[in-house]
Every structure is written in C-alpha cells, then in structure tokens.
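Below, each chain spelled out in residue letters.
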Amino acid sequence: MQKHPQYAYDLISPISYFQNALVIPYCHHEHWNGAGYPRGLREEEIPLAARIFTIVDVWDALTSDRPYRAAWKEDAVIDFLSKQAGILFDPDLVPAFLDSLRMATIRH
C-alpha cells in the first residue's frame, strides 16, 4: 500500500503531459507533521497541489461506501478533518476546504 505513490510516479513520469501534476500522486500521502510517506515531507515541503488533493482525497474516501465499510456521515468527516488539521493536513487549507463545501451547499 505504501508503495503506490512511487508506482504512480513511475508510471506517469514518462508522460510529458502530466509533468506539472506529478507531485499530486507522488506526495498525497505525506502528512503535515512529517509522518507520511513516501519521503516523510512535512509542512510546506509538501507541494501545495498535493496538500490540497490530500484533503479532497480523504473527504472522498470517507464519504464513499467501500467494500470493507460504509461511508461516514459528513459531520463525522468534517470533525475528522478539523481534528487532523495541523497533524495530517495543512491547518490553513482545512478551513478553506470546509468553507468551499459550505458555499457549494448554499448554492445548491
């Protein structure tokens, strides 16, 4: 499981079209506190695009049914993201993401 960022990098890196986006699959499991993988990057060492994608990816993963568990309720995911801001996630990006969710809900 922890090798999939490297596998993605290896598969995508030869494709010139994806060069600017390589940091997303490669760094989306890095954690704000440095405990992630594959390189143990921390804070702003993690490329911004990967920090953003990490939050979106976790939102999607937790709010979606999986073969091994039911989707979490949105309130539980919001609570998880909020509690993990500054640990797993960029503490400035979590509120921005949650604000964008609220705005999307208001528009619909």
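Here we take up the overall build of the chain. Helix and strand content of the chain: five helices and zero strands. Beginning at the N terminus, the succession of helices and strands in the chain can be written as α-α-α-α-α. Based on the C-alpha atoms only, the size of the chain along its principal axes is roughly 40 × 30 × 30 Å. The 108 residues of the chain split such that 28% are buried. Within the chain, contacts between residues at least 6 apart in sequence are counted, and of these 36% link residues at least 24 apart. Only carbon and sulfur atoms are counted for the fraction: they give 58% of the accessible area of the chain, which is about 7,100 Å². Considering the chain, the positive charge centre built from 10 side chains and the negative charge centre built from 14 side chains are found 3 Å apart.

Turning our attention to the packing of aromatic side chains. Tallied over the entire structure, the rule returns five aromatic pairs. Three or more aromatic residues joined by ring pairs make a cluster, and in this case those are Trp72, Phe80 and Phe89.

This part covers unusual backbone geometry. Proline 38 follows tyrosine 37 through a cis peptide bond whose omega is 15°. Looking at where proline 38 falls in the secondary structure, it is placed in the loop between helix 2 (23-27) and helix 3 (48-63). Even without being a glycine, glutamate 43 presents a positive backbone phi close to 45°. Its place among the elements puts glutamate 43 in the loop between helix 2 and helix 3.

Relative to the helices and strands, arginine 51 resides in helix 3. A polar contact is formed between the side chain of arginine 51 and the backbone oxygen of isoleucine 46, at a distance of 2.8 Å. Among all residues touching arginine 51, those that are not within four sequence positions of it are Trp32, Glu43, Glu44, Ile46, Asp90 and Leu93.

Quick look at the pattern of salt bridges now. Tallying each qualifying case throughout the model produces three salt bridges. As a salt-bridge pair, arginine 51 and aspartate 90 come within 2.6 Å of each other at their nearest N and O atoms. On the criterion of sequence distance, the pair formed by arginine 51 in helix 3 and aspartate 90 in the loop between helix 4 (74-84) and helix 5 (93-107) is long-range, its members being 39 residues apart. Each member of the pair, arginine 51 together with aspartate 90, is buried.

The subject of this paragraph is the side chain of glutamate 30. Summarising the element assignment, glutamate 30 is placed in the loop between helix 2 and helix 3. One buried charged residue, glutamate 30, forms no salt bridge at all, with the nearest opposite charge on arginine 39 at 4.4 Å. For glutamate 30, the side chain forms a polar contact with the main-chain nitrogen of leucine 41, separated by 2.8 Å. When near neighbours in sequence (up to four residues on either side) are disregarded, glutamate 30 contacts Gly36, Tyr37, Pro38, Arg39, Gly40, Leu41, Ile46 and Leu88.

Cut-offs applied
- Residues numbered from 1 in each chain as written.
- Predicted model: local features only at pLDDT ≥ 70, side-chain atom pairs only at ≥ 80, totals over all residues.
- Heavy atoms only, no water.
- Helix = DSSP H or I, 4+ residues; strand = E, 2+ residues; numbered from the N terminus.
- Buried < 20%, exposed > 50% of the residue type's maximum accessible area, 1.4 Å probe, protein only.
- Contact = heavy atoms within 4.5 Å.
- Areas by Shrake-Rupley, 256 points an atom, 1.4 Å probe, with all protein chains shown as cover.
- Lys, Arg positive; Asp, Glu negative; His and termini not counted.
- Charge placed at Lys NZ, Arg CZ, Asp CG, Glu CD.
- Phe/Tyr/Trp six-rings, centres within 6.5 Å; stacked < 30°, edge-to-face > 60°.
- Polar contact = N/O pair within 3.5 Å; in protein donor to acceptor, adjacent residues only side chain to side chain.
- Salt bridge = Lys/Arg side-chain N within 4 Å of Asp/Glu carboxyl O.

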